Structures are given as C-alpha cells and as structure tokens.
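Here are the chains, one letter per residue:
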Amino acid sequence: LFVRLAIDRLTEAATAYSATQFFTSRTTIGKSMEQQLKKDFKERLSSNVYSFQLRTVSLPNEFESAIQETEVMRQDLQVAEAEQNATKVSLETQLIQAQKRTKVRANKGEAEAAAVLLANKADIEQYVAMQHKSADSYGNVLRELGSSEGSMLEYMQARVLRDHPADKTVVGMSMRALTTNVGG
C-alpha cells in the first residue's frame, strides 16, 4: 500500500514538469515531490516520510543529449549577452568621454574668443584715447601757430621726418622749396 501510494503520487507529480525541467531543476522538483509525499502519507496513511531524494531521472539518450546541447547553447547565449553588454558599456563610456572632450574644447574655444575680444576692445580703446590726445595736442599746436594750416602741415612733415628711422627714409624736395629756403 505504501509503495503503491508513493508511485502514484510521484508519477502524478512528475506530470507537472517537463523533461527539460527535470534536467535543469531536479533539486526543486525533488523538494516539491517530498512535500507532496509527506502530506499524503500523513493524511491517508497516518505515517511520516522522514527523507526523500530524487536520485536519478531516466531520460532517453537522444533527449538528454538535446537537453545538454540546449543548456550549452543557453550558456553560450548568456556569454554573448554579457559580452554585448560589456561592449555596449564600453562604447557608451567612449561616447560620454568624447562628449566631455567636445565640451572642454568648446569651452576652451569660447574662452580664447572672449580673450581675443577683450584684447581687441582694450587695443581699440587705447587707440581711440591716443587719437583723442593726438587731436587735442595738434589743436594746441595749431593755436600756437596762429591757426595757420600751412604752418601746421609743415610742422607735421617735420615731425614725420624726425620720428621716422633715418635708414628707412627717402626725402624728395622740389627745386622751388630749396630756392625759397636758401634765399630767405
């Protein structure tokens, strides 16, 4: 009676699982069968099952080989997925690094442009200030010369000749200017 009940219950429990599950989840299935046996023996036969172990599962050789091949393929797939994930993470990291480098270069370019603008602004302000001072100075000279434009032009020519390097200066004079200065 005990053996018959055990065989019936184990056969019935076995139908709840696929052959693949017997290959991959033998421990879990064994625990489930043990719980069912303990329950049935206690309720129907007033006895206890102290231990149950699902030791061997007989599967046809072709099926067992197919299951093993499936497991190998599943593991290969997991390895490929892990490699794919690693590659994805690596490429995402490279993308983030490239974006950061681009930002740094853009910031550096903007800083250089701002520096050039500031330098240009300072040069322009300095040039404008110098031109104002020169204009004021020439205005004072013109007043000292009695507001004579001809005298002012002569003064400016003399300044140009004086301030320009002698080795880079070529002077052309008309005969009239020479005779005017010699005779006068």
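Details of the structure are given in the entry above.
Residues numbered from 1 in each chain as written. Predicted model: local features only at pLDDT ≥ 70, side-chain atom pairs only at ≥ 80, totals over all residues. Heavy atoms only, no water.

*Asks:* How do you make sense of the overall build of the protein when you look at a structure like this?
*Replies:* Within the protein one finds six helices and zero strands. Over its C-alpha atoms the protein spans a radius of gyration of 53 Å, topping by over 25% the 16 Å that the globule rule assigns to 184 residues. The buried share of the protein, taken over its 184 residues, is 12%. Counting only carbon and sulfur atoms, one obtains 55% of the accessible surface of the protein, whose full area is about 15500 Å². (Helix = DSSP H or I, 4+ residues; strand = E, 2+ residues; numbered from the N terminus. Rg over C-alpha atoms; globule rule 2.2 N^0.38 Å. Buried < 20%, exposed > 50% of the residue type's maximum accessible area, 1.4 Å probe, protein only. Areas by Shrake-Rupley, 256 points an atom, 1.4 Å probe, with all protein chains shown as cover.)

*Asks:* Please clarify how the pattern of salt bridges should be interpreted in this entry.
*Replies:* When their charged atoms lie close together, side chains carrying opposite charge are able to pair. Applying the stated criterion across every chain yields a total of six salt bridges. For Asp40, the salt bridge goes to Arg9, with nearest N and O atoms at 2.3 Å. With Asp40 in helix α3 (residues 26-45) and Arg9 in helix α1 (residues 2-14), the pair connects residues that are 31 residues apart, well separated along the chain. The exposure class of Asp40 is buried, given its relative accessible area of 4%. For Arg9, a relative accessible area of 13% translates into the label buried. Among the salt bridges present, the one from Glu71 reaches Arg74, with a minimum N-O distance of 2.4 Å. Residue Glu71 and its partner Arg74 are both found in helix α4 (residues 61-144); the two are separated by three residues, about one turn of the helix. For Glu71, a relative accessible area of 19% translates into the label buried. In the salt-bridge network here, residues are joined through shared partners; they are Arg9, Glu12 and Asp40. (Salt bridge = Lys/Arg side-chain N within 4 Å of Asp/Glu carboxyl O.)

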